[in-house]
Structures are given as C-alpha cells and as structure tokens.
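Here is what each chain is made of, one letter per residue.
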Number of protein chains: 2
Amino acid sequence: MNTEVCARFGIEFPLFAFSHCRDVVAAVTNAGGFGVLGAVAYTPDRLEEELRWIDDHVGGRPYGVDVLVPGRIDKAAEGGGGLDTLLAAVPDEHWSFLVGLFARYDVPLPDFEKAKRSNARGGAQVTREGATELIDVSLAHPIGLIASALGTPPPLMVDKAKAAGIPVAALVGTSEHARRQVAAGVDLVVAQGGEAGGHTGEISTMVLVPEVVDTVAPVPVLAAGGIATGRQMAAALALGASGVWCGSVWLTTEEAETSPPVKEKLLAATSRDTIRSRSRTGKPARQLRSAWTQEWEGPDSPGALGMPLQMIVAEGAMRQITKVAESGNPGARALANYFVGQCVGLMNTVKPARQVVYDMVADFAEAVDRLNRVTGEEPAGRP
Amino acid sequence: MNTEVCARFGIEFPLFAFSHCRDVVAAVTNAGGFGVLGAVAYTPDRLEEELRWIDDHVGGRPYGVDVLVPGRIDKAAEGGGGLDTLLAAVPDEHWSFLVGLFARYDVPLPDFEKAKRSNARGGAQVTREGATELIDVSLAHPIGLIASALGTPPPLMVDKAKAAGIPVAALVGTSEHARRQVAAGVDLVVAQGGEAGGHTGEISTMVLVPEVVDTVAPVPVLAAGGIATGRQMAAALALGASGVWCGSVWLTTEEAETSPPVKEKLLAATSRDTIRSRSRTGKPARQLRSAWTQEWEGPDSPGALGMPLQMIVAEGAMRQITKVAESGNPGARALANYFVGQCVGLMNTVKPARQVVYDMVADFAEAVDRLNRVTGEEPAGRP
C-alpha cells in the first residue's frame with residue numbers, strides 16, 4: 001500500500017502487530033507488516049535472547065520493541081530500594097485475599113515466598129530504572145521502532161532513540177496526551193480507543209482517531225482499539241490514520257503462546273465479555289471478564305493497589321492460575337483471563353499470523369471497493 | 001450516493017438525523033438526508049402539531065419519527081394507574097435530595113407540586129400505553145420510517161407499521177439485540193456504539209457495526225455513536241454499514257433549540273467531558289458531565305430510580321435548571337447538561353443543519369479519495 005508510513009518504515013502494509021510472542025512478531029514482519037515485541041516485565045537477559053531470535057528470523061525486515069515506562073507509579077516502587085522494598089509495600093490483606101481466593105476456587109497455592117520474590121522481580125522492571133535497561137538492550141539491535149506503551153516516554157528514552165536514529169512511538173488515549181507526546185519528541189502516535197485490550201482510556205477509536213490526527217498533523221497516527229479485520233483497517237484509514245496497531249487479534253493465532261484454556265475462552269467470547277479492571281496491573285486495563293475480575297470487584301476485595309504493586313500481587317497468581325487451568329482445574333478455569341479488546345468477539349478461528357495479515361489486506365481492499373461503489377466511482381483499470 | 005438505503009428511502013445521502021427539533025428534521029430532509037423526529041415524552045397533541053409543521057416544510061421529501069418504547073420499565077409505571085400512581089412510586093428521599101440540591105446550588109425551586117404533575121405526564125408517555133398513542137399519531141402522517149429508540153419494538157408497533165407500509169427501525173447496542181429485533185420484524189437496524197449520546201451500551205461503534213452487519217445480513221444497518229463528520233461516515237461504510245444515524249451533531253446547529261448555556265458547554269466540551277449516567281432517565285445514558293451527574297453519584301445521592309420514575313424526578317428539575325441557567329445563575333450553569341456523545345469534542349462551531357449535511361458529504365468524498373490513494377487506485381475519470 002501507498003502510505004507515508006509504509007515508505008518510512010519500509011513495509012508493505014501499514015499494519016503494526018503488538019505481541020509478547022516473538023513468533024508473531026517475526027511472522028507479521030515477514031508477511032509485510034511490522035511486528036512489535038511487547039517487552040513488559042522482561043528481564044534484560046530475556047529480552048536480549050528474544051531480540052536475537054527475531055534478528056535470526058526476519059532477514060533484516062523491520063520490527064520494533066515496546067517498553068512499558070509508567071508515568072506515575074506507586075511511591076514504594078520509586079525508591080529504588082529493590083525487591084524487599086517493593087514486597088514490603090504490599091499490604092498483608094492483599095496476600096490474605098489471594099490465599100482466600102485460591103482456597104475458595106480450590107486452586108493449589110504456589111510456593112508462596114518464592115512466587116512473591118519472582119513477581120517482585122517482574123514488577124521491578126516496570127520502574128523507570130527497569131525500563132531503562134530494556135531500552136538499552138533494545139537499541140543495541142537493528143530495530144525500526146521503539147514504543148512506550150504507557151505515558152509520555154521519558155527524555156532519556158527519546159534521547160537514546162534519537163541518538164541511535166530510531167523513531168519513537170507512543171500510545172495515547174486522548175488528544176491532550178498526543179500533544180504532550182509529540183512535544184516530547186514522539187515520531188509516531190498510536191491513538192488507542194477505549195475498546196482496546198490492556199491499558200486503555202475511555203474515548204472510543206471512532207472519536208479519538210480523527211481528534212488525534214487533527215491535533216498532531218503532520219505527525220502520522222496509527223489507529224488502535226477494536227481493530228481485528230480489514231474492514232476496520234479501512235475505517236481507520238478513512239478516519240485519517242496512516243495505519244493500524246493491533247494487539248488482541250494475534251492472541252488466537254497459531255503462533256501465539258496463549259495458554260490453551262485462555263485461548264478457548266478468547267475464541268468463545270463475544271464483544272460483551274471484556275471489562276476495564278485494575279485487578280491485574282493497578283491501572284485500568286481491558287481484559288476478559290472472569291471470576292478473577294469479579295472477585296476483585298466483590299465485597300471481600302481489598303481493592304487493587306497501584307502499579308507496579310498490583311502486578312506483584314496479581315501476575316504471579318495469574319501464572320499459577322493459568323498453569324493449573326491447563327490441567328483442567330475448574331476453579332482455575334473460571335478465574336483465568338487475559339488482556340483483550342472488544343474485538344475478541346470477531347476472533348473465532350485459529351489461523352497463522354501470516355494468514356491474519358493476508359486476510360486483513362484482502363478484506364481492506366474489499367471495503368475500499370465497497371466505498372467506491374457507494375460513490376459510484378469504479379477504480380481505474382477495473383471492468 | 002449509490003446505496004440500497006438511498007434507493008429504498010428515496011434520499012440522496014444515507015445520513016439519518018435524529019433530533020427533537022422539527023427544524024433540524026426538515027433541514028436535513030431538505031438537504032438530501034433523512035430527518036427523524038425524536039418524539040420521546042411528547043404528548044399526542046404536541047406530536048401532531050410537530051408532524052403537521054414538518055409536512056408543511058419538506059414538500060413530500062421523506063422523514064421519520066422515533067418513539068421511545070421501553071422494554072423494561074418500573075413496575076409502578078406498568079399498572080396503568082395514571083399520574084397519581086406514578087407520583088406515589090417516587091420515594092420522598094428523592095424529592096428531598098432534589099430540594100437540597102437546588103438549595104446547595106442556589107437555584108430557586110419551581111412550583112413543586114405543579115412541576116411534579118407535569119413531569120409525571122411526561123413520564124406517562126414513556127409507558128407502553130403512552131408510546132402506542134404516539135405511534136398512532138405518527139402513522140397518520142406520510143412518514144417514511146418509524147423507529148424504536150430503546151428495546152425491541154412491541155408487536156403492536158410492528159403490526160401497525162407493516163399495515164401502513166412503513167419500515168420499522170430499531171436501535172441496538174449488541175448483536176444479540178440485533179438478532180432479536182430482526183426476528184421481531186425490524187427492517188433497518190441502527191447499531192449504536194457506546195460512545196453515542198443518550199441511552200447507550202458499552203460496545204464501541206468500531207466493533208459493534210461489523211458484528212451487527214454480519215449478524216443481520218442482508219438487513220441494512222446504520223452505524224451510530226460518535227459520528228459527526230464525513231470521515232467517520234466513510235469509516236462506518238467501510239465497516240459494512242449502509243449509512244449513518246447521527247444525533248449529537250445537530251445540537252449545536254443554528255436550528256437546534258438547545259438552550260444557550262448548554263450550547264456553550266457543548267461547543268467547549270472535549271471528548272472527555274461525557275459520562276454514562278442513570279441520573280436523568282433511570283437507564284444509562286451518555287451526557288455532558290456536570291455538577292448534576294456528579295451529585296447523583298455523590299455520597300448524599302439516593303441513587304437513580306428506574307425508568308420512567310427517574311425521568312419524573314429529573315426532567316422537571318432539569319427544565320428548571322436550564323431556564324435558570326439562561327438567566328446566568330452560576331449554580332444552575334454548573335448543573336446544566338444534556339445528552340451527547342463523545343463526538344461532542346468535534347462539535348466546535350455553530351452551523352446551519354443543511355451545512356452540516358453538505359460538509360459531511362464533502363468530507364466523506366475526501367476520505368474515499370484518501371483511501372483510493374492508499375491502494376494506489378485512482379477512481380476512473382480523475383486525473
């Protein structure tokens with residue numbers, strides 16, 4: 001396709017794929033799109049390993065990395081006091097709630113003290129210091145984009161990327177954020193509507209995209225939130241976006257490392273089965289509605305903590321829940337969930353990621369043809 | 001434009017305009033769109049007067065009527081016991097809360113007993129019996145469409161409309177609702193995303209429209225929710241819709257009877273300034289965030305009642321608030337609000353309704369051209 005973003009990023013289709021799974025990233029990049037590896041809560045060593053693998057599998061084609069750099073995080077996590085400080089900042093009642101929850105759903109507890117420390121290590125990556133290490137690892141690879149999933153990228157990130165000649169992208173949920181991001185040096189704005197999976201605001205893609213496009217022009221804007229088909233990609237471009245950024249749609253691909261019971265839930269879910277909840281990360285994030293989200297909103301819940309403390313409480317628990325769900329435990333299956341947007345209702349078959357790209361491109365062309373029929377204008381060279 | 005909906009409804013542009021203001025309805029119809037008069041809470045006599053005026057001003061061009069027929073309403077309102085039964089069903093604490101609210105914001109109370117009865121008369125229209133009278137009045141005019149704003153149209157409405165040869169439309173917020181509506185005999189489905197003003201669900205337009213299109217094909221679908229520009233109209237058609245249904249965008253037109261202080265608020269508001277609240281009708285309805293919506297969510301609030309009881313409490317109060325706001329009372333200006341979608345952020349200038357139609361059509365054509373440039377296909381007959 002003939003867009004500025006395609007020319008600038010050296011891709012065939014202005015379709016950016018956010019995934020935590022390196023196989024998806026490579027498959028989309030190899031199919032003519034642009035894969036972006038979500039490196040949230042990775043250790044620097046793990047990220048290094050993943051990027052080396054991607055380098056080996058994309059033959060020089062462009063891909064990117066997304067690092068979560070939170071703008072505002074829990075005070076306890078800012079001190080730089082390490083794992084013990086982080087762990088000490090989690091109130092006892094949150095651990096007790098978890099223990100009670102596991103008991104009520106008949107899910108065996110993991111080795112609790114070990115799990116706590118492992119979670120805290122993950123949580124520690126979601127601090128400014130943690131993110132900085134991940135940025136350094138990323139920029140040492142031939143990446144074509146570095147993205148900040150949450151909040152304005154810190155000057156350090158922008159400076160390091162500019163020095164390396166790498167464009168910086170950032171996700172925004174309002175046009176005010178978009179203005180701030182561009183002022184901070186962002187080269188590509190991802191306008192993400194409230195229907196998106198993961199951390200998200202409340203303004204819908206249909207409204208947000210034209211607002212952000214007008215606000216930051218001529219900086220290119222990718223539309224995100226609810227997009228899983230070529231029709232929606234065409235809609236996004238009609239709204240003025242230069243391309244799309246999709247996350248959810250890859251979760252049910254063949255390559256995705258999505259746990260089987262979660263994949264089943266995703267394939268069965270309708271667009272009504274998601275909820276914005278703070279129960280996994282401490283910030284509102286859209287995810288499958290499950291017993292987990294219900295219990296955190298229930299009368300016994302101590303309420304979600306801030307980021308990254310809630311991640312320390314929740315992510316180790318969810319890892320255990322997912323593992324146990326895989327063995328068929330009904331309580332764990334009821335609790336299991338994952339971050340996903342409202343487009344989960346459109347994700348009903350398992351396909352290779354490459355096929356998702358090709359299907360979106362074909363569906364896009366069909367949507368453009370339909371629009372041309374409406375205006376009574378047949379594209380040149382067609383009967 | 002060349003769509004099935006244009007052919008079927010005898011219009012030039014598949015742009016349906018929902019408005020409580022007859023001048024907007026006539027202006028849109030005369031500009032080549034399709035005006036739909038929202039007849040919620042009208043008395044039969046008032047509706048008769050409005051429709052006669054429209055007949056006199058559209059020269060036979062097509063227009064429609066929207067009647068609110070609630071699917072589930074407060075038990076007290078179902079009894080058919082009239083105004084006294086309705087009034088008796090409103091708890092005293094709700095009236096006391098209103099009295100306290102007016103005092104705190106220094107807004108003079110209306111003649112309270114008179115206002116209560118007048119409100120109850122309005123509320124009584126929002127029962128099945130009330131709606132039936134409005135349907136009869138509507139079908140006696142040369143209307144081209146009758147719509148049900150909320151819930152499945154009752155068999156009575158469908159039967160009467162079919163007998164009169166008038167297509168029936170219904171608003172839906174989920175594909176399950178859409179399936180039910182079509183089974184009930186609806187000819188045109190309005191898929192309304194959660195970003196819409198007024199009664200609305202939670203699934204966004206970007207996700208809902210393709211879902212509903214696939215669910216009810218070949219029944220035509222109009223996209224609604226967040227749409228105020230031609231770019232968004234093009235996006236809606238790319239998603240598979242046969243046209244669009246817009247409500248909010250007319251509120252800031254020259255013709256709209258929107259109260260000046262409310263119009264000012266609408267022009268100044270951003271897409272972040274709306275909220276889904278039960279405080280005006282008893283069902284979740286998107287509206288401007290104001291001191292009114294905040295107070296009903298505050299610690300002193302008795303909580304919203306069901307429909308139509310909450311309308312009886314709220315609508316008379318809002319009429320008084322709006323009237324007093326027009327005289328400059330600061331408390332009343334803080335409380336005043338109106339139903340509007342997130343596209344309020346795109347409504348920044350006052351224009352004639354006719355001009356809104358023309359601007360949307362021009363903007364639509366530009367968006368289609370942009371899409372053609374992306375696919376590298378120039379429409380035939382262009383340089």
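In this numbering scheme, every chain counts its residues from 1 along its sequence in written order. By the order in which they are written, chains take letters starting at A while ligands take numbers starting at 1. Whole-chain, interface and lining totals are the exception, using all residues; otherwise, since this is a predicted model, local features are given only for residues with pLDDT of at least 70 and side-chain atom pairs are given and counted only at 80 or more. Water and hydrogen atoms were dropped before computing side-chain values, which therefore reflect all heavy atoms in the structure.

## With respect to the nonpolar core
- The biggest cluster of nonpolar side chains holds 219 residues, and the ones touching the most others in it are Trp250(A), Trp292(A), Trp250(B) and Trp292(B).
- What Trp250(B) contacts, discounting residues up to four positions off in sequence, is Leu15(B), Ala17(B), Phe18(B), Val24(B), Val28(B), Ala256(B), Ala353(B), Val356(B) and Val357(B). Put simply, a nonpolar core is a bunch of buried Ala, Val, Leu, Ile, Met, Phe, Trp, Tyr and Cys residues held in one set by side-chain atoms that sit within 4.5 Å of each other. The buried label applies to any residue whose accessible area, calculated with a 1.4 Å probe on protein chains only, is under 20% of its type's maximum; exposed applies above 50%, and partly exposed to all values in between. Note on contacts: a residue pair is in contact if any heavy atoms of the two residues lie within 4.5 Å.

## What to know about the pattern of salt bridges
Residues and elements named next belong to chain A.
- For this document, the term salt bridge refers to a Lys or Arg side-chain nitrogen within 4 Å of an Asp or Glu carboxyl oxygen. According to the stated counting rule, one finds 26 salt bridges over all chains in the structure shown.
- Glu 50 is paired through a salt bridge with Arg 22; the nearest N and O atoms lie 3.5 Å apart. Of the two residues, Glu 50 is situated in helix H3 (residues 44-58) and Arg 22 in helix H2 (residues 22-30); the sequence distance between them amounts to 28 residues.
- The exposure class of Glu 50 is buried, given its relative accessible area of 4%. Put simply, DSSP H or I for four residues or longer makes a helix, DSSP E for two residues or longer makes a strand, and each gets a number counted from the N terminus.

## Regarding unusual backbone geometry
All names here are of chain A.
- Going from Met 307 to Pro 308, the amide bond is cis rather than trans, its omega being 5 degrees.
- Of note, Pro 308 is situated in the loop between helix H14 (291-297) and helix H15 (309-326).
- A positive phi angle, near 60 degrees, is found at Asp 106, a position not held by glycine.
- With respect to the helices and strands, Asp 106 occurs in the loop between helix H6 (92-104) and helix H7 (112-125).

## Examining the relation of the copies chain A and chain B
- We superpose the copies by least squares over the C-alpha atoms of residues that have a pLDDT of at least 70 in both of them. Mapping chain A onto chain B calls for a rotation angle of 180 degrees and an axial translation of 0.0 Å; the resulting RMSD is 0.0 Å. Between the two chains, the operation in question is that of a two-fold axis.
- With an isologous cut-off of 70% or more, the 100% of interface residues of chain A that recur at the interface of chain B puts this contact in the isologous class.

## Some words on the sheet that holds strand S3 (residues 63-67) of chain A
Residues and elements named next belong to chain A.
- In this analysis, strands are considered paired if DSSP registers two or more bridges between them. Taken together, the 8 strands give a closed barrel; going around it, the order is S1-S2-S3-S4-S5-S6-S8-S9, and neighbouring strands pair in parallel fashion. Across the sheet, the mean angle from the axis of one strand to that of its neighbour is 25 degrees, orientation sign disregarded.
- When strand S2 (residues 34-38) meets S3, the two strands line up parallel, connected through 4 bridges. Bridge pairing in S3 places Gly 35 opposite Tyr 63.
- Between N-to-C directions, angles span 0 to 180 degrees; the directions come from axes that are lines fitted to C-alpha atoms, helices contributing only their stretch in contact. Taken strand by strand, helix H9 (residues 155-164) contacts strand S4 (145-148) and strand S5 (168-172), and its axis lies near 175 degrees from that of S4.
- Relative to S5, helix H10 (residues 175-183) is tilted by about 165 degrees, and along the sheet it contacts S5 and strand S6 (188-192).

## Some details on the domain arrangement of chain A
- Where each domain begins and ends is defined by an automated method or by a domain database. Taken domain by domain, chain A consists of domain 1 (4-73 + 126-251 + 349-369) and domain 2 (81-124 + 259-335).
- For domain 1 of chain A versus domain 2 of chain A, the separation of C-alpha centres amounts to 26 Å.

## Quick look at the pairing of strand S1 (residues 15-19) of chain A
All names here are of chain A.
- Burial runs high along S1: 5 of the 5 residues are buried.
- In the sheet, S1 pairs with strand S9 (residues 243-246) via 3 bridges, with the strands oriented parallel. Paired with Leu 15 across the two strands is Val 244, which belongs to S9.
- The sheet contact formed by S1 and S2 spans 4 bridges and is parallel. What sits directly across from Ala 17, in S2, is Gly 35.
- Looking down the strands as they point away from the viewer, one classifies a crossover as right-handed if the path from the first strand across the helix to the second runs clockwise. A crossover connection joins S1 to the parallel S2 through H2; in handedness this β-α-β unit is right-handed.

## As for the interface of chain A and chain B
- Tallying the contact residues gives 49 residues for chain A and 50 residues for chain B.
- Buried area, as used here, totals the accessible surface that two parts lose on assembly, with accessibility defined by a 1.4 Å probe and the loss added over both. Carbon and sulfur atoms supply 60% of the area buried between chain A and chain B, which totals about 4000 Å² over both sides.
- Among the salt bridges present, the one from Arg231(B) reaches Asp214(A), with a minimum N-O distance of 3.1 Å.
- In protein, a polar contact means a hydrogen-donor-capable atom and an acceptor-capable atom, both N or O and within 3.5 Å, with residues adjacent in sequence counting only if both atoms are side-chain atoms; elsewhere, any N or O pair within 3.5 Å suffices. If you look at where chain A meets chain B, you find 21 residue pairs in polar contact (both at pLDDT 80 or more).
- Those elements that provide at least two residues to the side of chain A that touches chain B are helix H11 (205-216), helix H12 (230-238) and helix H17 (353-374) of chain A.
- The leading source of residues in the side of chain A that touches chain B is H17(A), at 9 residues.
- Gly counts as polar in this scheme, as do all residues outside two lists: the nonpolar Ala, Val, Leu, Ile, Met, Phe, Trp, Tyr, Cys and Pro, and the charged Asp, Glu, Lys and Arg. In the side of chain A that touches chain B, the residues fall into 21 nonpolar, 15 polar and 13 charged.

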